[in-house]
Amino acid sequence: MDDSDYRGQPGGPLAPGGPLSGMAGSPAPGSFGTTGRGPRLLTGGGRRATAISTASTLVVIGALVAIFLVAPGSGEVRHTFFSPHDMWQSFIGNPKKGYYSVGAAIWLNIRMFLAAEVLILVFSLVIALIRQSTSPVLFPLRVLGVIYVDLFRGVPLLLVILAIGFGVPALELPVISHQPLAVYGVTALVLSYSAYVSEVYRAGLNSVHRSQVAAARSLGLSQWTAMRYVILPQAVRNIIPPLLNDFISLQKDTALVGVLGAIEANNAAQIYGSTVFNYSSFTVAAILFLLLTIPLARFTDHLIERDRRRRLAGEVT
Amino acid sequence: MTEREPASAEAIRIEGLHKSFGPNQVLKGVDLRVATHEVVCLIGASGSGKSTLLRCANLLEPIDAGTIWLGGSRITGAGIDQNLVRRHVGIVFQSFNLFPHMTVLRNITLAPTKVLRTPRAEAEEEARALLDRFGLAGRQGDYPDRLSGGQQQRVAIVRALAMKPQIMLLDEVTSALDPELVAEVLDVIRELAAGGMTMLIATHEMGFARDIARRVCFLEEGRIIEDAPPAELFTSPKDERTQRFLRRIVDAGRL
């Protein structure tokens, strides 16, 4: 059965027979739901459906552009946010004039993201394994795990960044109170995100059927060996899409570390704006973040689609 | 494993085994002995406790009361290393439970390499030999979802055999298979029996049980009601409950 028969059809409501005719599978003119190949942004097949969706897309985009252009403040906004000169100036930066390069500052975001990502993957796995453990000896750690997850999922990331970024240096401890701002930022990101990601791991561990544990243990594998070779690999496979989704979010949230004064892209853009009184620098920062997140988003889609195909193939056999 | 008794040809001995799941009493005092090289079949309606008995014998379920000996050594109670016991007791499940993220070969060699510390090359050689023996040559690189149910179950049997167990526990290993795939799995079990493997088999295949078993045990409501050679149990069952069960089986056309 072609699965697109049961999909929502973007052209459905406009079809001659009304929306229900497509769902019921009656052969409406223009043949809805007859083609079904690969992942589609434009669901539903047929030349007519494609024409309708193209037209409606053009109308919507055209309307948005028109509103932007005819708005009373349009010229002002175009100058303030989309000035090519200011976009270029903020991108390359000019320390003599008192502002930093947004293009260079994004590297700090990338570095913070990469460091945080690795630490989160490890730390949250430890939390998840502790919370999943059953040994009575680990009871105190399990309680700590619950408190930790509740605490850091409940407190806004911005407050965690402020608390660590300003609190830890104020303690005046040797070494740990004298780190670069980005280190405090990464610490806060790791603490906050690990609380979420440990729950994703836990869901993944629970998604592996208990019979797999029984099969592994029945062969004489210890609890740890069974976890390491049988349960965890399957769990991780199941949670790659949601994990990547969290990491897309993490890429953007590195911008929050700017509140500490670290010169990351968003902060550099802000400095440009308050120095030159032109906010095209924010547009540059936004474009740079998009260039980072969109490839990861597409990669996530690709993995989800591959997983869906594999599941379908698995059901057939 | 402690309390070694005088040398016996006894593979497994179960005495007074009780097991409950919450308020539900599944096993109410089971006594059972299986001699080395003996094949014993467990029959009985679904829910009679066959699977639970096998899972208890593999220590997958903690027991409430009773004692189990393996090859004369006590394996229940305090101070028992369950992982050590399970090396010697192979179990095959109704639903295969192969590891889907590993190739057939890796499914088989995982436990020998990680538990017995057999060198990988040696473990793979043994695995290939077993695959050849059970008609699965050339399948070692495949993932389980590429195999038919019958092939998967044969791989699961090979996986358990790779640990060179003293006894094999088979838990309704053909119940999840399409009828045309049942024979190939039963053939494997016949070959194992011919090779002298000690087996305790829970099954719904009465014809097969009559064929292969030296003794057949009928379970009902967590007790072994009757324990006799198949010729006796299937033709002239003594207990009225066994007669009733077999009559239902015959009516259903399964004997």
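Residues numbered from 1 in each chain as written. Chains lettered and ligands numbered in written order. Predicted model: local features only at pLDDT ≥ 70, side-chain atom pairs only at ≥ 80, totals over all residues.

Caption draft 1: Main features of the overall build of chain B. A count of helices and strands for chain B gives 9 helices and 10 strands. The C-alpha atoms of chain B give a radius of gyration of 18 Å, which matches the 18 Å a tight globule of 255 residues would have. With the C-alpha coordinates aligned to their principal axes, the bounding extent of chain B is approximately 55 × 45 × 35 Å. Going through the 255 residues of chain B one by one, you find that 44% of them count as buried. (Helix = DSSP H or I, 4+ residues; strand = E, 2+ residues; numbered from the N terminus. Rg over C-alpha atoms; globule rule 2.2 N^0.38 Å. Buried ≥ 20, exposed ≤ 12 C-beta atoms within 10 Å, placed from the backbone.)

Caption draft 2: Representation of the overall build of chain A. Helix and strand counts for chain A come out as 12 helices and 0 strands. Each helix and strand of chain A, ordered N terminal to C terminal, gives the series α-α-α-α-α-α-α-α-α-α-α-α. Across the 317 residues in chain A, those meeting the buried criterion constitute 31%. Long-range pairs, those at least 24 residues apart, make up 67% of the contacts in chain A with a sequence separation of at least 6. (Contact = placed C-beta atoms within 7 Å.)

Caption draft 3: Quick peek at helix H7 (residues 157-170) of chain A. Residue and element names in this part refer to chain A. Its 14 residues give H7 an end-to-end C-alpha distance of 20 Å, which sits within 8% of 20 Å, the value for a rise of 1.5 Å per residue. Here H7 has its buried residues at Val160, Ile161, Ile164 and Gly165. Angularly, the buried residues of H7 cover 120° about the axis, an arc narrow enough to put them on a single face. Opposite the buried face of H7, by more than 90 degrees, sit the exposed residues Leu159, Gly167 and Ala170. Structurally, H7 contributes buried residues whose contacts are with helix H6 (139-154) and helix H8 (181-207). Note on H7: the residue one or two positions beyond its end, Glu172, has a positive phi of about 55°. (Expected span 1.5 Å × (residues − 1). Arc of directions from axis to C-beta.)

Caption draft 4: Here's a closer look at the confidence of the model for chain B. All names here are of chain B. For chain B, the average pLDDT comes to 91, and 96% of its residues sit at 70 or higher. Every residue in residues 1-7 is under pLDDT 50, and counting partners more than four places away or in other chains gives 9 contacts. Confidence metrics for the complex model read pTM 0.78 and ipTM 0.90. (pLDDT = per-residue confidence, 0-100.)

Caption draft 5: Spatial organisation of the sheet that holds strand E6 (residues 89-92) of chain B. Residue and element names in this part refer to chain B. Taking strand neighbours across the sheet as the criterion, the 6 strands line up as E6-E7-E8-E3-E9-E10 in an open arrangement whose pairing is mixed. Every other strand in the sheet has two partners, leaving E6 and strand E10 (223-228) as the edge strands with one partner each. Taken pair by pair, the neighbouring strands of this sheet meet at an average axis angle of 20°, ignoring direction. Against the sheet, helix H1 (residues 50-57) makes contact with strand E3 (39-43), E6, strand E7 (167-171), strand E8 (199-202) and strand E9 (215-220), and its axis sits at roughly 150° relative to E8, the strand it touches most. (Pairing = 2+ DSSP bridges. Axes fitted to C-alpha atoms, helices over the stretch in contact; angles between N-to-C directions.)

Caption draft 6: Inspection of the interface of chain A and chain B at higher detail. On the side of chain B, 18 residues touch chain A, which itself brings 18 residues to the contact. Among the elements of the structure, helix H9 (210-218) and helix H10 (223-253) of chain A are those that each provide at least two residues to the side of chain A that touches chain B. Among the residues making up the side of chain A that touches chain B, the classes are represented as 7 nonpolar, 9 polar and 2 charged. (Nonpolar A, V, L, I, M, F, W, Y, C, P; charged D, E, K, R; others polar.)

Caption draft 7: Geometry of helix H4 (residues 120-133) of chain B. Residues and elements named next belong to chain B. Its 14 residues give H4 an end-to-end C-alpha distance of 20 Å, which sits within 8% of 20 Å, the value for a rise of 1.5 Å per residue. Within the sequence span of H4, burial applies to Ala123, Ala127 and Leu131. Each buried residue of H4 sits inside an arc of 75° when the element is viewed along its axis, so together they form one side. Those residues of H4 that are exposed and aimed more than 90 degrees away from the buried face are Ala121, Glu122, Ala129 and Asp132.

Caption draft 8: The arrangement of the confidence of the model for chain A in detail. Residues and elements named next belong to chain A. Looking at chain A, the pLDDT average stands at 84 and 84% of residues meet or exceed 70. Summarising per-element confidence for chain A, the mean pLDDT is lowest in helix H1 (residues 19-23) (40) and highest in H8 (95). Across residues 1-39 the pLDDT falls below 50, and counting only partners more than four positions away or on other chains, this stretch makes 63 contacts in the model.

Caption draft 9: The environment of Asp211 of chain B, seen in detail. Within the element layout of this structure, Asp211 of chain B appears in helix H7 (residues 206-212). When the C-alpha positions of Asp211 of chain B and Pro230 of chain B are compared, they lie 8.0 Å apart, and in sequence the two are 19 residues distant.

Caption draft 10: How the structure looks around the sheet that holds strand E1 (residues 10-21) of chain B. Residue and element names in this part refer to chain B. One open sheet holds the 4 strands; their spatial order is E2-E1-E4-E5, and the pairing between them is antiparallel. Unpaired on one side and paired on the other, strand E2 (24-35) and strand E5 (73-74) mark the two borders of the sheet. In the packing of H1 onto the sheet, contacts are made with E1, E2 and strand E4 (65-70), and the angle to E1 comes to roughly 120°.

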